[in-house]
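Below are the chains, spelled out letter by letter.
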Amino acid sequence: MEERKIRVLVAKPGLDGHDRGAKVVARALRDAGMEVIYTGLRQTPEMIAEAALQEDVDAVGLSILSGAHMALVPRVLELLRLNGQTEVKVFLGGIIPDEDITRLKTMGVFGIYGPGTPSEAYIKEIRQAILGVQPAG
Amino acid sequence: MIDVPAVLAGDRLALARLLSEIENDSVAGRQALNLLFPHTGRAHLIGITGPPGTGKSSLVNQLARHFRQDQGNGLPPRVAVAAVDPSSPFTGGAVLGDRIRMMDRSADPGVFIRSMATRGSLGGLARATAGVVQAFDAAGYAIILIETVGAGQAEVDIARLAHTTVVVEAPGLGDDIQAIKAGILEAADILVVNKADRPGVDNTERALRGMLKLAHPGPRVFRHHGRLESSKSLSSESDANMRTDKQTSPAAVWIPPVLRTVATDGQGIVELAAAIARHRAHLQQSGELAQRERARLRNELDLRIQERLVHRWRTEVANGRYESMIDSIMKRELSPEQAAARLVKD
């Protein structure tokens, strides 16, 4: 009777004008059998962390096109830690320059998936990371 | 595994983790609910249902805002929201989007919103919704708003779970009003025409009042229709929507009011909250609260018994025998009814 579902928050921090990419990712994760909580455009890191807490998600996907990732992402990571959600996997999509990728990963970002990443690739990594860390049941 | 004292003390992370265990129907979740159950029964459970796109989430957001600011007497009550969206029957996945309309509540630590997927349930709620609501209740949320999936006719589980069921409609659905027919209207304690700034609102309200007459047969609605209209400007009188029916019961009968709202800018929310409060008072004064509570808990007990019986039976019957019965049904040697009779008699 017991069944564990992977729950993912897909969020758009900052001032991006559209969320097409985020919706494509939400849809792909849904089709992979995950439960995706989608919160819409123009979210603050505080709103995102609060939603991640209440929804008890396994992962948070942030889509950022504006170039503000070096300000927004560390703040989200810090708030998740302050809330005690240290095990939550944070992954990024959108436009992230190569020179920032290493720094973001050092800060604790789990995966960075730019435009053109096949959905199978990030779905597999996310699933492995979550089911590998938390024993089923 | 689950920190029950922390949940009772209002720890939000502990509560969030408990809700996941309840949704996953884990042993830990069940045990925690057993411990929490004595602390339940205090909250007012308000169901919000209606067709997709009528503005249920926006209305829930406005109601949560209202309940959190209102009261002149002490601290406002804490408010919890369980918002249900459908799971894909094909992949089991879901996109839960109700929070989009509620994000301006996220700065308020007195509001806790949880999105839920139906995970195969067809009645408009998830199977775990009742457990999630119990957890909120035990954690001290005095008002619990339960938003169903977009519902048409048969998704009336909410009427069994909630104390007060609000059915939300919107103009422009035109003749589709007929599609909601008796089922969901019978479930309504309060009817709301949301998006009331749109053309066609008069037609929608008229259609709802017409359907209401069908759902409440007999002379009483007709006789009191005028009074219902005149009571729209709600006084504080707690019996504005009630009347005494000598033929059926000595207690007052609740007639669902029809209200107009514009959830995007908050119009009509004060009146809706007042109607919800009046319904609550009616339930308490008429004794119906205890009746509904008993029916609800009986329903939950029945579900648990069914589940246990089926589970026990499945573990006892040899799988080979079960599969061979399906073969016999496939070959038309036995009807499903005959096969079930043989399997259960054993």
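Quick notes on the rules
Residues numbered from 1 in each chain as written. Chains lettered and ligands numbered in written order. Predicted model: local features only at pLDDT ≥ 70, side-chain atom pairs only at ≥ 80, totals over all residues. Contact = placed C-beta atoms within 7 Å. Helix = DSSP H or I, 4+ residues; strand = E, 2+ residues; numbered from the N terminus. Nonpolar A, V, L, I, M, F, W, Y, C, P; charged D, E, K, R; others polar. Pairing = 2+ DSSP bridges. Domains from an automatic or database assignment. Buried ≥ 20, exposed ≤ 12 C-beta atoms within 10 Å, placed from the backbone.

A. View of the interface of chain B and chain A. If you look at the interface, chain B gives 26 residues, while chain A gives 29 residues. Broken down by secondary-structure element, the contributors of at least two residues to the side of chain B that touches chain A are helix 2 (12-23), strand 3 (94-96) and strand 4 (111-117) of chain B. Residues belonging to the side of chain B that touches chain A are distributed by class as follows: 11 nonpolar, 10 polar and five charged. Here strand 2 (residues 35-38) of chain A pairs with strand 3 of chain B via three bridges, running parallel. Residue pairing in the sheet places Ile 37 of chain A in a bridge with Leu 96 of chain B of strand 3 of chain B.

B. The arrangement of the domain arrangement of chain B in detail. Residues and elements named next belong to chain B. Looking at the assigned domains, one finds that chain B contains domain 1 (4-287) and domain 2 (288-346). Each side of the interface is counted separately: domain 1 has eight residues, and domain 2 has nine residues. When residues of the side of domain 1 that touches domain 2 are traced back to their parent elements, those giving at least two are helix 6 (157-161) and helix 10 (269-286). By residue number, the principal contributor to the side of domain 1 that touches domain 2 is helix 10, which donates three residues. Residue composition of the side of domain 1 that touches domain 2, grouped by class: three nonpolar, four polar and one charged.

C. Structural view of the pairing of strand 7 (residues 190-193) of chain B. Residues and elements named next belong to chain B. Side chains Ile 190 and Val 192 of strand 7 all project onto a buried face; the interleaved residues Leu 191 and Val 193 project onto the opposite face, where all are buried too. Here four bridges tie strand 6 (residues 164-169) to strand 7, and the two strands are oriented parallel to one another. From the neighbouring strand, Val 167 faces strand 7, where its bridge partner is Leu 191. Bridge analysis of strand 7 against strand 10 (residues 258-260) gives three bridges, and the strand direction is parallel. By the bridge assignment, Val 192 is partnered in strand 10 with Leu 259.

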